[in-house]
Structures are given as C-alpha cells and as structure tokens.
Amino acid sequence: MRRRPVRRRGAWPSGHLEAIDYDIVSKDRTLPQYALEHGVSIILYGYAFVYDTEAYGDNPPNSWADFFDTAKFPGKRSLYKWANGALEGALLADGVAKDALYPLDMDRALAKIKSIKDDSLYWGSGAEAHSMVVNGEVSLGMVWQNRGRNIENDTDGRYKLVMNEALAMPGAYIVPKGNPAGREAVMKFIATAQEVSAQLTLLDCLGMTPSNPEAFAQIPEDQQPYAITSAMNIDGIVYNDPTWWGENGGDAVNAFLEAIS
Amino acid sequence: MNAVARHIHPGWAIIAPLLALVVALYLGPILNIMWLSVTDPEPGLGNYRKLYESDSLLRIVWTTLRICVVTTIFSVSLGYCIAYAMVHCHQRQKNYMLTLLLVSFWISILVRTFSWLMLLGTKGLVNTTLETLGLISAPIAFMRNELGVLIGMVHYMIPYAVLPLLVSMQSLDSRVMDASRNLGASGSQTFWRIYLPLTLPGIVASTLLVFILSLGFYVTPAVLGGGKVLMVAEYISVQLLVTLKWGTAAMLAALMLAGVLAMLWIMSRFMKLSAVFGGSTR
C-alpha cells in the first residue's frame, strides 16, 4: 500500500508562529535546552508526587520506582490522564536512566502503566488531582509540583511532596504571527518576564519555578522544597523534551488512553 | 410576481429569514464537520477506515454503546415506575413528586455529578457510615469506575425518562382499563395487555430521548469514571483539544449523528414517529 506523508498539526512548521528574537530575548536567561526557535521557557513547572504519611510514614517512597511499586506501597495512586509525565515516570520506574529517556519507549512505558492500572485513578485537571488527594481517594498522587505546598497545607501535613525525580516541564511563551500587540512588543515583554524580579514574583504568586539560572540562587527559603530549580531539588530533577512531545504527543496520548481505558 | 406568488405561499416570506438562519447556523457547521472528516489530515476515507483498523476506536464506541444501553434500560424502567406512581396518587402527592423531579431536572449536571462523589466516594457519607458501623472494613468502590458512571448517568437521565412517560400515561382514557377489569381481566392482565401497550409510544419516546442524550455524555464519565471509562464525547474532546486530530474527532461526530438518524429511521419503520413525539409534547 502506498503511504502518503502525514501532515502533523502538532509539529512546528505550520507557519503560525513568529521565531523568538534572541536579540531581544536572552538565551542565557533560560535553560539552554528550552531556548527553542519558536518558543522560550520563562518558567518551569513539573510533575512530582505526594504520599500519605499515615500510610507510609516509617519508610516513605522517594522515587518513581517506589510510586509504581504496589507491593511495597499498597494503595491507590493517581496519574495524569493525558500521558505527559506519566510516561516518563513509568520509564524511570522501570529503570531507564534519566538522560536516556527520549525518545520514549512507548511499549515499555505503557506496560509499566498497565501494571498498576487496577490501583490507579487518572486526573485531567490540577484541581481534580488536588481533590483526589485531599479527599483521601489516593495514597500516592502524581501532581503538578506547584500544588504540593497547598496540598501539604490543606491536609495539615498528612500528605507530603516528593521532589526527587520530579519531571521539569518548560512553561514557554510562543508568539503567534500577526498578533495585535505586534512582534516587537511581545519580544520585549518576554524579556521582562525573564528578569529575576519577575521570575521570583511568579514563584511567589503561583509556585511557578524560575527558568532563568540567575534566579535559582535567590529562591526564598520557604519555597526551596517546592521549587524545581532550588539548590535543594535541582540535582534530582529530570528534564522534559518538548521537541519529542511536539512530534509524537498526539499519538502518545491516544496510546496512553487506550492503555488505561 | 403573481405567478411566483401562486406557487409559493407568501407566508414563506415571513419565515424565510429564520429558515436561512437555521440553515446557515445549523446545517453549515454540520456540513463543515462532515467535510473535515473526509479531508483532514488528508482527503479520503482514511478517518473512517480507522474504525476498522483501530481496536481502540472500536472499543470506545463499544464502551459508549454498552453504557448508553444500560443507562437507558435503568432510566426508563425506574422512570416508568415513577411516572406510574405519579399518575396514580393523589394530586397533592403528585405535585410534591413533580416538584422534586423538576428540582433535580434543573440542578446543574456538575453539581449532581460531584454530589455523587461526596455521597459514594471513598471518604463519602455512605462508605464512612458503613465503616463506622463496622459493616465493611475497606471502602466499597462505587465511584471512579464504570459503576460510578452508570449511577451518575441513570440519576441524571431519570427526569428525562419520566416526563414523556408521564404525558403518555396522563392522556390515557382510564375507562379502557375499567372496561378490561369489567370484562374479567385481572389487574396484572390489564397492565400487561392494555396499559403497557397503550403507553408504548411514551416508552419509545423516553427511550429515544434518554439514549440519544446518553450518547453525548461528557462530564459524568470524565469525573466519575476516574479516567478509565472513556466514552465517545470525551474522546472527541481529546482529539480536538489535546492531540489535534480533528479528522478523527469529526469522523466520530459524524458517526454519532448518523447513528442517531439511523435509530430514528429504524423506529419510524415500526411506528409513526409523529405519534411518539406528538405523545411527548401534547
């Protein structure tokens, strides 16, 4: 059968985006792997997990391997419904090295996901992930890391955030072609958002972690345990590859949905 | 001008703008979706072929049909009992029942869905009570699975099932039943041979209504299914918003539309649809 090339909406050369102007936006004020042609990361968020201290207080889980180990850590767990992060966590749990994750081995990841399917719930929004934990539906909950602090507060410390092997996601700005503010103004705005003061304010307001390395050292004491790039956590984290997700995300999500439903 | 007026009733001039609006705003988008289903990502029937080639798509369609059938059976059966009770009790009680029915009919689907989580969730009222009483040792998994979806959907659909049945039962001539008893039929004979057949148009109307509405259910399976119960509506939304496979989404939407129309057509072979829908609006 003749195969025609498939046009991918997910991949970039669709012509809708301006290239980031790295004369105005600084390449040094973000992580090098996240200064892409059509998008630049201005914050980091990520996937981490919380665990129930009453269930596992004596010997707490500390890695994705523990998260996927239903024998050692019995109880329900929750994962993100749209595959992102859950696939990486599964591969790390299955013994794939941090720097050898991409391209993701889908078969291996899905096999791992399926192995805990009976003990898993899946969430589609941050609020759902949060409420599954706070309502005591799960003992281990994958969450967006910036919710960790609220969850610890809401449960009076019963649930605790684990940042080891947290999966760092680039929160990026992209610039649509022909946008009302114009190309220049948007590039200048992005440059402003890269400044250390702006980065720290975002951290304070939303728990979004700075992606500008100059800001890493200035993350305040009380935010250190929750911030991806704080001195406390930065050595343990794993970086997402947005290029792989751009090219394969659609198929990955559908394969994941097939595996869990 | 006169020749035209003779053939076209001038009344059409009054409804012409409305008709044009309906065609433009209703038919236009539908045709657009049909068009998308055969042109994206490439022209041809590739999206429809996926139905045969992909097990996962078939499984989603199958899950949807299974849940809709079960929901319809339970909603219409329970609805029939409720409608029967309402028709045959005193006016006062009937008003109370109607009020309760309409209140649950008007409450937002989100509220009703999340209420089930509070009642039947792991730490919900029912499980907590049973645990405190020592009747169960671990919470019963009512929610975040297919059972949860069915509970939520049946609960939501019952008012839709009751209303057409209620209208159909109210319009029955009660003297027919009296005549049946008078001629020596027992109560249950009268029900099975007279009452039930006479309310058949109502049953068909409420079955159709519940089944068609169930096909498009989105919120309840997404929340109460815990991510494991994937129905067509949620899958379409994922293909639109997450994976950007608009062709697949359009194909599934077209399929659902065709399914609903086919169902109406099959029904129309067996009975006059005007009687069904006339029965529900009279």
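Residues numbered from 1 in each chain as written. Chains lettered and ligands numbered in written order. Predicted model: local features only at pLDDT ≥ 70, side-chain atom pairs only at ≥ 80, totals over all residues.

Draft legend 1. A look at the overall build of chain B. Across its full length, chain B holds 15 helices and zero strands. Relative to its length of 282 residues, chain B is extended, with a C-alpha radius of gyration of 24 Å against a globular reference of 19 Å. Reported as C-alpha extents along the three principal axes, the dimensions of chain B are approximately 65 × 65 × 30 Å. The proportion of buried residues among the 282 residues of chain B is 31%. Across chain B, the fraction of contacts at a sequence separation of at least 24, relative to all contacts at a separation of at least 6, is 75%. (Helix = DSSP H or I, 4+ residues; strand = E, 2+ residues; numbered from the N terminus. Rg over C-alpha atoms; globule rule 2.2 N^0.38 Å. Buried ≥ 20, exposed ≤ 12 C-beta atoms within 10 Å, placed from the backbone. Contact = placed C-beta atoms within 7 Å.)

Draft legend 2. Expanded view of the overall build of chain A. A count of helical and extended segments in chain A gives ten helices and seven strands. With respect to the three principal axes, the spread of C-alpha positions in chain A is 60 × 55 × 30 Å. Across the 261 residues that make up chain A, the buried fraction comes to 43%. Of all intrachain contacts in chain A linking residues separated by at least 6 positions in sequence, the fraction that spans at least 24 positions is 69%.

Draft legend 3. Up close: the packing of helix α8 (residues 146-170) of chain B against helix α11 (residues 200-215) of chain B. Residues and elements named next belong to chain B. At a minimum axis separation of 8 Å, α8 and α11 run at an interaxial angle of 155 degrees. Classed by the angle they form, the pair α8 and α11 counts as roughly antiparallel. Between α8 and α11 the crossing geometry is right-handed. From α8, Met153, Met157, Tyr160, Ala161, Pro164, Leu165, Val167, Ser168 and Met169 reach across to α11, where they touch Pro201, Gly202, Ile203, Ala205, Ser206, Leu209, Val210, Leu213 and Ser214. (Axes fitted to C-alpha atoms, helices over the stretch in contact; angles between N-to-C directions. Parallel < 35°, antiparallel > 145°, perpendicular 65-115°, else oblique. Left-handed = near helix turned anticlockwise from the far one by under 90°.)

Draft legend 4. Examining the interface of chain B and chain A more closely. Each partner contributes residues to the interface: chain B has 18 residues there, and chain A has 22 residues. Looking at the side of chain B that touches chain A residue by residue, the classes come out as seven nonpolar, six polar and five charged. (Nonpolar A, V, L, I, M, F, W, Y, C, P; charged D, E, K, R; others polar.)

Draft legend 5. Structural context of the environment of Glu165(A). All names here are of chain A. Here Glu165 lies in strand β5 (residues 159-173). In this structure Glu165 comes out as buried when scored by C-beta crowding, with 22 C-beta atoms within 10 Å. C-alpha separation for the pair Glu165 and Gly89, spaced 76 residues apart in sequence, amounts to 8.3 Å. The residues touching Glu165, leaving out its near neighbours within four places in the chain, are Ser63, Trp64, Leu92, Gly236 and Val238.

Draft legend 6. Molecular detail of the packing of α11(B) against helix α14 (residues 246-270) of chain B. Residue and element names in this part refer to chain B. With their axes 11 Å apart at the nearest point, α11 and α14 run at an angle of 170 degrees to one another. One way to sum up the angle between α11 and α14 is to call them roughly antiparallel. Residue-level contacts link Val204, Leu208, Ile212 and Leu215 of α11 to Met256, Val260 and Met267 of α14.

Draft legend 7. Layout of helix α10 (residues 242-260) of chain A. Spanning 19 residues, α10(A) covers only 23 Å between terminal C-alpha atoms, well under the ideal 27 Å at 1.5 Å per step. Along α10(A), the largest kink reaches about 70 degrees and is centred on Asn248(A). Gly249(A), Gly250(A), Ala252(A), Val253(A), Asn254(A), Phe256(A), Leu257(A) and Ile260(A) are the residues of α10(A) that are buried. Contacts made by the buried residues of α10(A) are with α3 (86-93), α4 (106-115) and β3 (120-123) of chain A together with α13 (232-241) of chain B. (Expected span 1.5 Å × (residues − 1). Bend = angle between axes of the 7 residues up to and from the residue.)

Draft legend 8. Quick look at the nonpolar core. With 117 residues, the main nonpolar core has Phe49(A), Ala86(A), Leu87(A), Ala168(A), Phe256(A) and Met231(B) as its most contacted residues. The element best represented in this core is α8(B), accounting for twelve residues. Excluding residues that lie within four positions of it along the chain, Ala86(A) makes contacts with Leu79(A), Tyr80(A), Ile113(A), Met142(A) and Phe256(A). (Core = buried A, V, L, I, M, F, W, Y, C linked by C-beta atoms within 7 Å.)

Draft legend 9. Quick peek at unusual backbone geometry. Going from Tyr102(A) to Pro103(A), the amide bond is cis rather than trans, its omega being -5 degrees. Summarising the element assignment, Pro103(A) is placed in the loop between α3 and α4. Residues Asp40(B) and Pro41(B) are joined by a peptide bond in cis, for which omega reads 5 degrees. Here Pro41(B) shows up in the loop between α2 (11-39) and α3 (46-53). For Ala83(A), which is not glycine, the phi torsion reads 70 degrees and is therefore positive. Owing to 29 C-beta atoms within 10 Å, Ala83(A) belongs among the buried residues under this scheme.

Draft legend 10. Representation of the pairing of strand β4 (residues 140-144) of chain A. Residues and elements named next belong to chain A. Burial within β4 is extensive, with four of its five residues counted as buried. With five bridges joining them, strand β1 (residues 40-52) and β4 adopt antiparallel strand pairing. Along β4, the bridge assignment pairs Tyr51 with Leu140. As defined by bridge partners, strand β2 (residues 77-80) adjoins β4 across two bridges and the pair is classed as parallel. By the bridge assignment for β4, Arg77 is matched with Leu140. (Pairing = 2+ DSSP bridges.)

Draft legend 11. Inspection of the confidence of the model for chain A at higher detail. Per-residue pLDDT for chain A has a mean of 92; in total, 95% of the residues score no lower than 70. The low-confidence segment residues 1-12 of chain A, where pLDDT is below 50, has 15 contacts with residues more than four positions distant or belonging to other chains. (pLDDT = per-residue confidence, 0-100.)

Draft legend 12. Structural context of helix α5 (residues 126-134) of chain A. Residues and elements named next belong to chain A. Those residues of α5 that fall on the buried side of the exposure criterion are Ala129, His130, Met132 and Val133. Along the axis of α5, the buried residues cluster in a sector spanning 160 degrees; they form a single face. Packing partners of the buried residues in α5 comprise β1, β2, β3, β4, α6 (148-154) and β5. Among the residues trailing α5, Gly136 stands out with phi positive, at a value near 75 degrees. (Arc of directions from axis to C-beta.)

Draft legend 13. Local environment of the pairing of β2(A). Residue and element names in this part refer to chain A. Neither face of β2 is exposed, since Arg77 and Leu79 on one face and Ser78 and Tyr80 on the opposite face are all buried. Direction of pairing for β2 relative to β3: parallel, over a ladder of four bridges. Along β3, the bridge assignment pairs Tyr80 with Trp123.

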